[in-house]
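# Close look at the chain arrangement
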Amino acid sequence: MSNLLTHLIQQLQQDRHTSLQRAVRHTSLRRAVLFTLLLGVAHICALPTLLAATYTVDNLPIPYLQDKTQYVSNPDNILSQTAVDSLNLWLGQMEDEHGVQTVLAVVERIQGGETYDFCMALARKYGIGSKQQNSGLVILLSTGDRAYTILTGRGLEGTLPDAICKRIENRQMLPALREGDWDEAMLNTVRAVKAYIDGDDSLVGSSDFDDDDDIGALIGFCVAMFLGLALIGLAIWYDNRKKAYCPSCHQHTMKKISSRVTKNKRLGLRTHHDTYRCTHCFFIKELHWDEDIRSGSGGAAAGGALGGSFFGSGGGHSFGGSFGGGSFGGGGASGRF
Amino acid sequence: MKTSFAKQTVSSLQGRVKGGSSLLLAFFLLFSLTSCTYNKLVEQEEVVTQKWADVQTQYQRRADLIPNLVNTVKGYAAHESETLQAVVEARTKATQITIDPSNATPEQIAAYQAAQGEVSQALGRLLAITENYPDLKANEQFSELQAQLEGTENRIAESRRIYNEAVQTYNVSVRKFPNNIWAMIFGFDKKTPFAAEAGAEKAPEVQF
């Protein structure tokens, strides 16, 4: 590759010498060809990085946020689907029974190549684990960097001390990693971690913190949404009835006949001047009402947004998870293979 | 004449009352501002003290690990006594320095950091020579001890980072106007953060 480049550069230099004698037209043509060649070389250089993405903390997908049953981030499809399903099942049990929130990521390459730094940055970004227990857990394997880390939250340092993490890595993970059996390595590791977590009764499940389970939360959400929508509907109906009220003949027979809008940019207000005429006695009334431009139109937008979020979350069968804000002090163990 | 005099007295009296009340208001505002600033500074200073305690805990944790590590290495590499001795000495020296964070001078912090830095360097040399002993490296107990040591180094780095953040927040408060006036009156001094470890700015050498 470097030979080719030096050759090209030499040619460019030669080209510069001869161009003094030749016509300008020829030089520009040759330059264009060389430029295209160089561009091609640059493309070939960039190809491997395009094929396997190098992950940063910001672009590593976290499926858990969309679906709280998905703990495993497997963007390069290094693990088989069967293994991912088993891992998700076990990690789900760990969260339900012991409140241990895990992110397990298996990738080809990470930026910097240091799995500990990556895990720490990931944990800091999302606040993995509950705030009460600080029971977050990050397991990362970067197959291209040939490095791995188990990172424990502050609350897990007693259950999974550094030495135990190292023991799990040495006994369960390493033998499989050396054979390139990524599935087996991760399954063994999580199985061993789960055994230690299950043995600690001081860790309490996530359901002990907030009593309402998913179904209860869903029903509560629906009821609140229904009441909210009913209230908005009632308010709109009442508002329209008030507008249609005729002060002269005391009937609700007013119709809008014209409307004008004036703006006051300094105050951020849009004033509506509506004229109503009674269809019964032809009495005319003026209504003026202000609208805050900065916050947008209130009722309709809020109603739309609420409705949208309701239908949006109603579509899927399971909800996205959220991280509890647990903190990490740097416990755990890392290694290379 | 008489009435105008009376009027004058009344108006000057009113003026004085007005002036008095605004002065009182100013005092009240000043006091509430001061107490607010003072309380904030106390709170932030407490946070700094607590974070310093965390840093010391982690250094202590490392010091506690060292005897065990030295004994394990001794079993496999007894003739490396010089390196082992250096670690033990550095540890003894470092554990003698303890710092009261509420009135630590920058020099004290620097001395503490230097002593702990020596421990780090001695430990680094010890771990480097263990590379020459395959039996030792294969020993599970040593591997786990090494993992504990690494974890502790990570914890030290993390607690130092958090301490420095707390110091920065506190220092910004102390130096901002008008807080700096109250800080001066009540004696809130700037605190010293950890400097980067000597040699930390050098990128690690890669050899093939």
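Reading the values: the criteria
- Residues numbered from 1 in each chain as written.
- Chains lettered and ligands numbered in written order.
- Predicted model: local features only at pLDDT ≥ 70, side-chain atom pairs only at ≥ 80, totals over all residues.
- Heavy atoms only, no water.
- pLDDT = per-residue confidence, 0-100.
- Helix = DSSP H or I, 4+ residues; strand = E, 2+ residues; numbered from the N terminus.
- Contact = heavy atoms within 4.5 Å.
- Salt bridge = Lys/Arg side-chain N within 4 Å of Asp/Glu carboxyl O.
- Pairing = 2+ DSSP bridges.
- Axes fitted to C-alpha atoms, helices over the stretch in contact; angles between N-to-C directions.
- Buried < 20%, exposed > 50% of the residue type's maximum accessible area, 1.4 Å probe, protein only.
- Core = buried A, V, L, I, M, F, W, Y, C linked by side-chain atoms within 4.5 Å.
- Buried area = accessible area lost by both parts, 1.4 Å probe.
- Polar contact = N/O pair within 3.5 Å; in protein donor to acceptor, adjacent residues only side chain to side chain.
- Nonpolar A, V, L, I, M, F, W, Y, C, P; charged D, E, K, R; others polar.
- Phe/Tyr/Trp six-rings, centres within 6.5 Å; stacked < 30°, edge-to-face > 60°.
- Lys NZ or Arg CZ within 6 Å of the ring centre and 35° of its normal.
- Parallel < 35°, antiparallel > 145°, perpendicular 65-115°, else oblique.
- Left-handed = near helix turned anticlockwise from the far one by under 90°.
- Expected span 1.5 Å × (residues − 1).

The subject of this paragraph is the confidence of the model for chain A. Residue and element names in this part refer to chain A. Averaged over all residues, the pLDDT of chain A is 78; the fraction at 70 or higher stands at 74%. Mean pLDDT values over the elements of chain A span from 38, in helix α8 (residues 298–315), up to 94, in strand β6 (residues 147–152). Residue range residues 296–316 is modelled with pLDDT below 50. Its contacts to residues more than four positions away, or to other chains, number 9 contacts.

Time to look at the pattern of salt bridges. Enumeration according to the criterion identifies 16 salt bridges over all chains in this entry. With a closest N to O distance of 3.2 Å, E157 of chain A and R155 of chain B form a salt bridge. In this pair, E157 of chain A is assigned in the loop between β6 and α5 (162–178) and R155 of chain B in helix α5 (residues 140–175), connecting two distinct chains. E153 of chain B serves as the salt-bridge partner of R62 of chain B, at 3.1 Å between the closest nitrogen and oxygen. You can see R62 of chain B sitting in helix α1 (residues 2–76) and its partner E153 of chain B sitting in helix α5, a full 91 residues away along the chain. Look at the salt bridges and you will find they share partners, linking R124 of chain A together with E158, R161 and E165 of chain B into a network.

Turning our eyes to something else, we now look at the sheet that holds strand β8 (residues 269–278) of chain A. Residue and element names in this part refer to chain A. Within the open sheet, the 3 strands sit side by side as β7-β8-β9. Their pairing is antiparallel. Each edge of the open sheet carries a strand with a single partner, namely β7 (254–264) and β9 (284–292). In this sheet, adjacent strand axes meet at a mean angle of 20 degrees when their direction is disregarded. Relative to β9, β8 is paired through 9 bridges, and the arrangement is antiparallel. Directly across from D274, in β9, lies its bridge partner L287.

Here the focus is the pairing of β8 of chain A. All names here are of chain A. Counting buried positions along β8 gives 7 out of 10 residues, so the element sits mostly inside the fold. Note that β7 and β8 share 10 bridges and pair antiparallel. Opposite K255, over in β8, you have R277 as the bridge partner. Following β7, the chain reverses through 4 residues before pairing antiparallel with β8; G268 in that reversal takes a positive phi of roughly 70 degrees.

Glancing now at the pairing of strand β10 (residues 331–336) of chain A. Residue and element names in this part refer to chain A. The element β10 is extensively covered by neighbouring structure, given that 5 of its 6 residues are classed as buried. As paired strands, β6 and β10 are joined by 6 bridges and run antiparallel to one another. Bridged to T149 within β10 is S334.

The biggest cluster of nonpolar side chains holds 60 residues, and the ones touching the most others in it are L87, L104, L137 and M186 of chain A. Contributing elements (two or more residues each) for this core: α3 (81–98), β3 (101–107), α4 (115–126), β5 (136–142), β6, α5 and α6 (182–198) of chain A. Formed by 21 residues, the second largest nonpolar core is a distinct cluster that contains A90, V119, Y133 and F142 of chain B.

Turning to the interface of chain A and chain B, a few remarks are in order. Where the parts come together, the accessible area they lose is often given as the size of the interface. Contact residues are listed per partner, giving 18 residues for chain A and 14 residues for chain B. Between chain A and chain B, the buried area comes to about 1,200 Å², and carbon and sulfur atoms account for 38% of it. The three residues of chain A that bury the most area against chain B are R124, D162 and A163 of chain A, which together make up 32% of that side's buried surface. A salt bridge links D162 of chain A to R155 of chain B, with the shortest nitrogen-to-oxygen separation between them at 2.8 Å. Put simply, chain A and chain B have 6 residue pairs in polar contact (both at pLDDT 80 or more) between them. Those elements giving two or more residues to the side of chain A that touches chain B turn out to be α4, α5 and β10 of chain A. When its residues are assigned to classes, the side of chain A that touches chain B shows 5 nonpolar, 6 polar and 7 charged.

This part covers the packing of aromatic side chains. The full count for this structure, using the stated rule, is 12 aromatic pairs over all chains. The interplanar angle of 35 degrees and the centroid separation of 5.1 Å between the aromatic rings of Y64 of chain A and Y71 of chain A together place this pair among those described as tilted. Taken as a pair, Y64 of chain A and Y71 of chain A share a single burial class, namely buried. A centroid spacing of 5.6 Å and a plane angle of 85 degrees characterise the contact between Y59 of chain B and Y112 of chain B, whose relative ring orientation is edge-to-face. One end of the pair, Y59 of chain B, is in helix α1; the other, Y112 of chain B, is in helix α3 (residues 106–130), and 53 residues separate them in sequence. Grouping residues by exposure puts Y59 of chain B and Y112 of chain B together as buried. Seen from the ring of Y276 of chain A, K285 of chain A lies directly overhead, with NZ or CZ sitting 5.8 Å from the centre.

Moving on, we get to the packing of α5 of chain A against α6 of chain A. Residue and element names in this part refer to chain A. Running from amino to carboxyl end, α5 crosses α6 at an angle of 155 degrees, the nearest separation of the two axes being 8 Å. Our classification of the angle between α5 and α6 gives roughly antiparallel. Two packed elements cross with a definite hand, and for α5 against α6 that hand is right-handed. Where α5 approaches α6, its residues I164, R167, I168, Q172, M173, A176 and L177 are matched on the opposing element by W182, E184, A185, M186, N188, T189, A192, V193 and Y196. Residues that form the contact of α5 with α6 fall into these classes: 11 nonpolar, 3 polar and 2 charged.

Attention now goes to the environment of P134 of chain B. All names here are of chain B. Residue placement: P134 occurs in helix α4 (residues 134–138). On the basis of relative accessibility, which here comes to 61%, the residue P134 falls in the exposed class. As for P134 and Y76, which are separated by 58 residues in sequence, their C-alpha atoms are 9.7 Å apart.

A few words on α6 of chain A. Residue and element names in this part refer to chain A. With 17 residues, α6 extends 24 Å between its outermost C-alpha atoms, agreeing within 8% with the 24 Å of an ideal straight helix rising 1.5 Å per residue. Of all the residues in α6, the buried ones are D183, A185, M186, L187, N188, T189, V190, A192, V193, K194 and I197. Next to the buried residues of α6 lie α3, β3, β5, β6 and α5.

All right, on to the sheet that holds β5 of chain A then. Residues and elements named next belong to chain A. With mixed pairing, 5 strands are arranged side by side in an open sheet as β2-β3-β5-β6-β10. Only two strands of the sheet have a single neighbouring strand rather than two, namely β2 (72–73) and β10. Sheet contacts for α4: β3, β5, β6 and β10; angle to β6, the most-contacted strand, approximately 40 degrees. Across the face of the sheet, α5 comes into contact with β5, β6 and β10 while running at roughly 30 degrees to β10.

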